[in-house]
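# Coordinates in review
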Amino acid sequence: MQRLGCKCPPPGYCFTVEHDMEYKPTDVDIEYCEQVEEMGEDSAIIQFKRLPAVPKALCMKHVGPYERFYESYIEVFRYIEEHGYKPVGQFRTCYVDGVWNQEDPEKWLSIVQIPIE
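The structure presented is a predicted model; accordingly, all values stated were derived computationally and were not measured. (Residues numbered from 1 in each chain as written. Predicted model: local features only at pLDDT ≥ 70, side-chain atom pairs only at ≥ 80, totals over all residues. Heavy atoms only, no water.)

A few words now on the overall build of the protein chain. Looking only at helices and strands, one finds 1 helix and 7 strands in the protein chain. What you see in the protein chain, going N to C, is helices and strands ordered as β-β-β-β-β-α-β-β. The 117 residues of the protein chain split such that 31% are buried. Taking the contacts inside the protein chain whose residues are at least 6 apart along the sequence as the reference set, 60% of them involve residues at least 24 apart. Approximately 8300 Å² of the protein chain is accessible, and the part contributed by carbon and sulfur atoms is 53%. (Helix = DSSP H or I, 4+ residues; strand = E, 2+ residues; numbered from the N terminus. Buried < 20%, exposed > 50% of the residue type's maximum accessible area, 1.4 Å probe, protein only. Contact = heavy atoms within 4.5 Å. Areas by Shrake-Rupley, 256 points an atom, 1.4 Å probe, with all protein chains shown as cover.)

This is the structure we're talking about:
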């Protein structure tokens, strides 16, 4: 896949990094990240960087429209608290199926990823 002079390997890995440390339904501060085959030149809208590995994360599938992400966040943080984990680092959401390949929002699949220790 070619995007603005970048070559993204198929099937590609993209995710958002949640800069807000809690769920917000509006004014969301996210960073869109996509795997590329090689680093390119930064521009006004694209920056290249290497992200550190996340050694351990609690991951949960979210099936359905994005407006219901809060339900998954409530469930995943309840699990984290009940099992004595501690969230560390920024939350990620990986988008597997969405508006680009699935018409029915009830079939959209995302993966909430919470780095933990």
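Next, the rest of the story.
Averaged over every residue, the pLDDT of the protein chain is 86; residues scoring 70 or more account for 89%. Per-element averaging of pLDDT across the protein chain places strand β1 (residues 2–3) at the bottom with 43 and strand β5 (residues 57–63) at the top with 95. (pLDDT = per-residue confidence, 0-100.)

This brings us to the side chain of glutamate 18. Inspection of the secondary structure assignment puts glutamate 18 in strand β3 (residues 14–18). We note that glutamate 18 is buried and unpaired, the nearest opposite charge coming from arginine 92 at a distance of 9.3 Å. At 2.9 Å, the side chain of glutamate 18 forms a polar contact with the side chain of threonine 16. Every residue in contact with glutamate 18, bar those within four places of it in the chain, is listed here: Val28, Asp29, Ile30, Tyr73, Gln90, Phe91, Arg92 and Thr93. (Lys, Arg positive; Asp, Glu negative; His and termini not counted. Salt bridge = Lys/Arg side-chain N within 4 Å of Asp/Glu carboxyl O. Polar contact = N/O pair within 3.5 Å; in protein donor to acceptor, adjacent residues only side chain to side chain.)

Before going further, it helps to spend a moment on the environment of glutamate 106. Tracing the backbone through its elements, the reader meets glutamate 106 in the loop between β6 (91–97) and β7 (109–115). Glutamate 106 sits in the partly exposed class, given a relative accessible area of 41%. Separated by 40 residues in sequence, glutamate 106 and tyrosine 66 place their C-alpha atoms 9.7 Å apart. In this structure glutamate 106 touches Val63, Gly64, Pro65 and Arg68, once residues within four positions along its chain are discounted.

One recurring pattern in soluble globular proteins: nonpolar side chains tend to sit buried together. One finds Leu58, Met60, Phe69, Tyr73, Val76, Ile80, Phe91, Tyr95, Val112, Ile114 and Ile116 forming the largest nonpolar core, which totals 11 residues. If you list the elements that add at least two residues to this core, you get β5, α1 (69–82), β6 and β7. Broken down by element, the residue count for this core peaks at 4 residues, all from α1. Setting aside residues no more than four positions away along its own chain, valine 76 makes contact with Leu58, Met60, Val112 and Ile114. (Core = buried A, V, L, I, M, F, W, Y, C linked by side-chain atoms within 4.5 Å.)

This brings us to the pattern of salt bridges. Pairing between side chains of opposite charge can happen when their charged atoms approach one another. Evaluated as defined, the whole model comprises 4 salt bridges. Among the salt bridges present, the one from lysine 49 reaches glutamate 31, with a minimum N-O distance of 2.6 Å. In this pair, lysine 49 sits in the loop between β4 (30–34) and β5 while glutamate 31 sits in strand β4, placing the two residues 18 residues apart along the sequence. For arginine 68, the salt bridge identified is with glutamate 106, shortest N-O distance 3.0 Å. Taken together, the residues span a long stretch of sequence, with arginine 68 in the loop between β5 and α1 and glutamate 106 in the loop between β6 and β7 at a distance of 38 residues. Among the residues examined, arginine 68 registers a relative accessible area of 24% and is labelled partly exposed. Several salt bridges share partner residues, and in doing so they unite Arg68, Glu71 and Glu106 into one network.

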